[in-house]
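Structure assessment
Next come the chains, spelled out residue by residue.
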Amino acid sequence: MAFEVKMPKLGTTMTEGTIIRWLKKEGDKVEKGEPLLEIQTDKVNLEEECPESGILRKIFFSEGQVVPVGEIIAVITKEGEEYYAEAADEKINKIKASPAAKRVARENNVDLKEITPTGPEGRIVEKDVLNYIEKIRATPVAKKIAEEKGIELSKIIKQEGERITKEDVLEKLKESQTFEERVKKIPLSGPRKIIAEKMKTSKQEAPHFYLTLSVDMTNVIKLRESLSEKIEKINGVKLSLNDILIKAAARALREFPIVNSSLEEGYIVYKEDVNIGLAVALDEGLVVPVIRNADKKGLSEISKESFELINKARSGKLLPDDYQGGTFTISNLGMFGIEEFKAVINLPESAILAVGKIIKTPVVEEDDEIKIKPIMKLTLSCDHRIIDGVVGAKFLSRVKEILENPLEMLL
Amino acid sequence: MAEKLYIEALREGLREEMLRDERVFLIGEDIGIYGGAFGVTKGLVQEFGEERVIDTPISEQAITGIGVGAALCGLRPVVEIMFSDFTTLAMEQLVNQGAKIRYMFGGKAKVPMVLRTPMGSGTGAAAQHSQSFPAVFAHFPGLKVVMPSTPYDVKGLIKAAIRDDNPVVFFEHKLLYRVKGEVPEGDYVLPLGKADVKRKGKDITIVAGSIMVIRAMEAAKELEKEGIDVEIIDPMTLKPLDMETIIKSIKRTGRVLIVEDDPKSFGWGAEVAAGIIESEAFDYLDAPVKRLAGKDIPIPYNPNLERHAVPQVEDIVKAVKEILR
């Protein structure tokens, strides 16, 4: 029969020993009484004798390992005796714990590997688990989440006396997850899905090119200042920069019908009406309410209409009539500090105007004087299928001209 | 409440049943004028006459056979076998006849008899007069097995056994006869198949039967001095066994020691241990189930050896400490 060599108890206070050196190796013939290994206790180094003669079949712990008293450290068999090392390996790896300890550990999501056994023969008993849990203090929410997600609270290290919170558990959860798992998935639906579809189609179908220029906004600012109060008196709405941009673009579009056209099923469709869409950002996505016949409307009317449309958009009350039938779109990110950007054309329209922030900029004048001027950058995205570079350039220059001489809007 | 000896409480139970029901009669060796080998039936022949307290020749098979027959005919016999060792001679009548008839006749016949018998070592009576057989009879379907440990229990349980319609084997440990305890006056019946918590505790459950209850109680007193709080459960009826009470207790204490007077191998302690492990109490065990039982040897005549053949108070104390180590 195989003889199990156990970690001896070499003193009353000894609970574990360190294996310093094996004096025999697996397969060696050993004699009862000859030195087998050196063990270090908390106090001394001792040589342990072979308790049985035979063949040293299996050594379970290598040099330097700390082993609890009573644990099997080696097996000696008689010569020629069969010995199943695998089964013994399994036995050694199994954590000894009482059923009660296992149950309490299971109920509290505690890993038995973390627990120091105090029971007889190195067995983890219920008290060991309870003591261990006692040390782990967690808020009820933290405990609940930990249980749901299978997180071991014992793995979360806190300062002495501090409680494990929900945040600690979630943090731990993140650590244990892979990059692919640390995500939140929401099905693409509603307005987002429509935007995604439209933007993809636009970039796939319409070859975009971009034109950028700077506009001196001095006169627009003046115009706004002088009209603002009056317009507010008429309709109770403040005149915005966008209103002036809408008016200027509409004015220019009248002169460049191709920019106010669209490509539809093999036809270039020139639109009689100039309907300007204004991109409005909402939490759930982008909407583009449309100011109809902006070219025929005064600033007061435009400002009132755009104010109302923006409000409707923000409260989700836009009707299809409010956002359908646009012929050109303006997108302004100036209020977010964006200096210039390139917008994606809102098909079937053929161009879109991206508006940057008005920035005080040193400008070299005709007479080589440097002046500080409020400069705003405009970028026009054009669908090259129907608008050529020169046409686009002329149109954008015309918008610039109108903005720099806003009286032209009256023409 | 009056303190009485176990033997007095038992006699009182028998007498009250004989007064209550005229079909009840006693039969056995030397139970009449002599009053029984241990004096259980002392005075009963004078009160009830030789028709109801019948002395017999020495033939356990015949006595038991008469009991089975009388029971089948509608009487309620209480058979005394002088030493439980001699029940081996009554096996055929008790096991093959008494235990089987009700089943084989589809419930149309019944055997309402009690077989009373003193058991156990500790009296210097050697190997043929000291054995404890509860586990042997608990093995046979058709028999009930009772082994009361206190004067109160023995009175209540002998009445229950007499009133039961099945053959009941009733074991009385010889050393218990002189044990004193409180016994209420008048009629009371304890149910068969119900264990009793003899002592409440939280650290360990001791399941002990018969004389071992007394030893476990003494051990508990000593252990209490060291802060160990022992719960003691007396199954009282070995068959049918009340596992529920045992399981409930272990779920609280997480540890169990089973103490029995019978030899250890294939004993009732093994049955209790297996029942625990098979039950939901398994998940509450915080230490291996441990048994203390008689050694697997014939009971020695030498008093020192005899003492060591079965668990004593100090063995129980030691075993509890080992489990709680």
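Residues numbered from 1 in each chain as written. Chains lettered and ligands numbered in written order. Predicted model: local features only at pLDDT ≥ 70, side-chain atom pairs only at ≥ 80, totals over all residues.

1. A word on the sheet that holds strand β6 (residues 54-59) of chain A
Pairing is antiparallel in the open sheet, where four strands are placed in the order β1-β8-β6-β3 (chain A). Two strands in the sheet have a free side with no partner beyond their single neighbour: β1 (3-6) and β3 (29-30) of chain A. (Pairing = 2+ DSSP bridges. Helix = DSSP H or I, 4+ residues; strand = E, 2+ residues; numbered from the N terminus.)

2. Some remarks on the pairing of strand β13 (residues 256-263) of chain B
Residues and elements named next belong to chain B. The element β13 is largely enclosed, with a buried count of eight among its eight residues. Of the strand pairs in this sheet, strand β10 (residues 204-208) and β13 are connected by four bridges, and their pairing is parallel. Bridge assignment links V207 to a residue of β13, and that residue is I258. As judged from the four bridges shared by β13 and strand β14 (residues 290-294), these two strands associate in the parallel manner. (Buried ≥ 20, exposed ≤ 12 C-beta atoms within 10 Å, placed from the backbone.)

3. Quick word on the nonpolar core
The biggest cluster of nonpolar side chains holds 107 residues, and the ones touching the most others in it are V146(B), A161(B), A216(B), L257(B) and V320(B). In terms of residue count, helix α8 (residues 211-225) of chain B provides more of this core than any other element does, nine residues in total. If we skip the residues at most four places from it in the chain, L257(B) touches I204(B), I206(B), K290(B), L292(B), A319(B), V320(B) and I323(B). Counting 50 residues, the second-largest nonpolar core is a separate cluster that includes V215(A), L239(A), V259(A) and V288(A). (Core = buried A, V, L, I, M, F, W, Y, C linked by C-beta atoms within 7 Å. Contact = placed C-beta atoms within 7 Å.)

4. Looking at the sheet that holds strand β7 (residues 66-68) of chain A
Residue and element names in this part refer to chain A. Pairing is antiparallel across the open sheet formed by four strands, whose spatial order is β5-β4-β2-β7. With partners counted over all chains shown, the strands left at the sheet margins are β5 (45-49) and β7, one partner each. Here the strands of the sheet are splayed against their neighbours by 40 degrees on average, with no regard to which way each runs. One ladder, built from four bridges, connects strand β2 (residues 16-22) with strand β4 (residues 35-40); its direction is antiparallel. Residue pairing across strands places T18 opposite Q40, the latter belonging to β4. (Axes fitted to C-alpha atoms, helices over the stretch in contact; angles between N-to-C directions.)

5. Considerations on the confidence of the model for chain B
With 100% of its residues at a pLDDT of 70 or more, chain B shows a mean pLDDT of 96. In the predicted complex, the global pTM is 0.57; the interface-specific ipTM is 0.77. (pLDDT = per-residue confidence, 0-100.)

6. Considerations on the environment of V269(A)
All names here are of chain A. Structurally, V269 can be placed in strand β11 (residues 267-270). Separated by 79 residues in sequence, V269 and P348 have C-alpha atoms that sit 9.8 Å apart. Once you skip the residues sitting within four places of it in the chain, V269 turns out to touch S261, S262 and E264.

7. Things to note about the packing of helix α9 (residues 243-253) of chain B against helix α10 (residues 268-278) of chain B
How two helices sit against one another is set out by the angle between their axes and by the gap between those axes. All names here are of chain B. α10 packs onto α9 with a crossing angle of 60 degrees between their chain directions and a minimal axis gap of 10 Å. In this view, α9 runs oblique relative to α10, as classed from their interaxial angle. Between α9 and α10 the crossing geometry is right-handed. Residue-level contacts link M243, I246, I247 and I250 of α9 to V272, G275 and I276 of α10. Split into classes, the residues belonging to the contact of α9 with α10 amount to six nonpolar, one polar and no charged. (Parallel < 35°, antiparallel > 145°, perpendicular 65-115°, else oblique. Left-handed = near helix turned anticlockwise from the far one by under 90°. Nonpolar A, V, L, I, M, F, W, Y, C, P; charged D, E, K, R; others polar.)

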